[in-house]
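Each chain, letter by letter, is given below.
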Amino acid sequence: MADNFLEKHREEYEAKKALWMKKKRHLPQSTRNIEKPEDEAL
């Protein structure tokens with residue numbers, strides 16, 4: 001087995017995850033305003 005195989009892959013995973021999280025934060029949040037009917041019995 002290669003030396004530091006798991007460590008290298010873990011570092012690559014952490015780097016990709018950090019980029020993904022950074023992009024995710026800058027996405028516009030979609031707010032859904034669900035209008036409820038006045039008569040809840042429907």
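One structure accompanies this document, and this report is about it.

The rules behind these values
Residues numbered from 1 in each chain as written. Predicted model: local features only at pLDDT ≥ 70, side-chain atom pairs only at ≥ 80, totals over all residues. Heavy atoms only, no water. Salt bridge = Lys/Arg side-chain N within 4 Å of Asp/Glu carboxyl O. Helix = DSSP H or I, 4+ residues; strand = E, 2+ residues; numbered from the N terminus. Buried < 20%, exposed > 50% of the residue type's maximum accessible area, 1.4 Å probe, protein only.

### Here we look at the pattern of salt bridges
Considering all chains together, one arrives at one salt bridge under this definition. Across the salt bridge formed by Arg10 and Glu14, the nearest N and O atoms sit 3.1 Å from each other. Placement of both Arg10 and Glu14 in helix H1 (residues 5–26) is noted, with a separation of four residues, approximately one turn of the helix. Given the relative accessible area of 51%, Arg10 is considered exposed. Overall, the relative accessible area of 34% leaves Glu14 in the partly exposed class.

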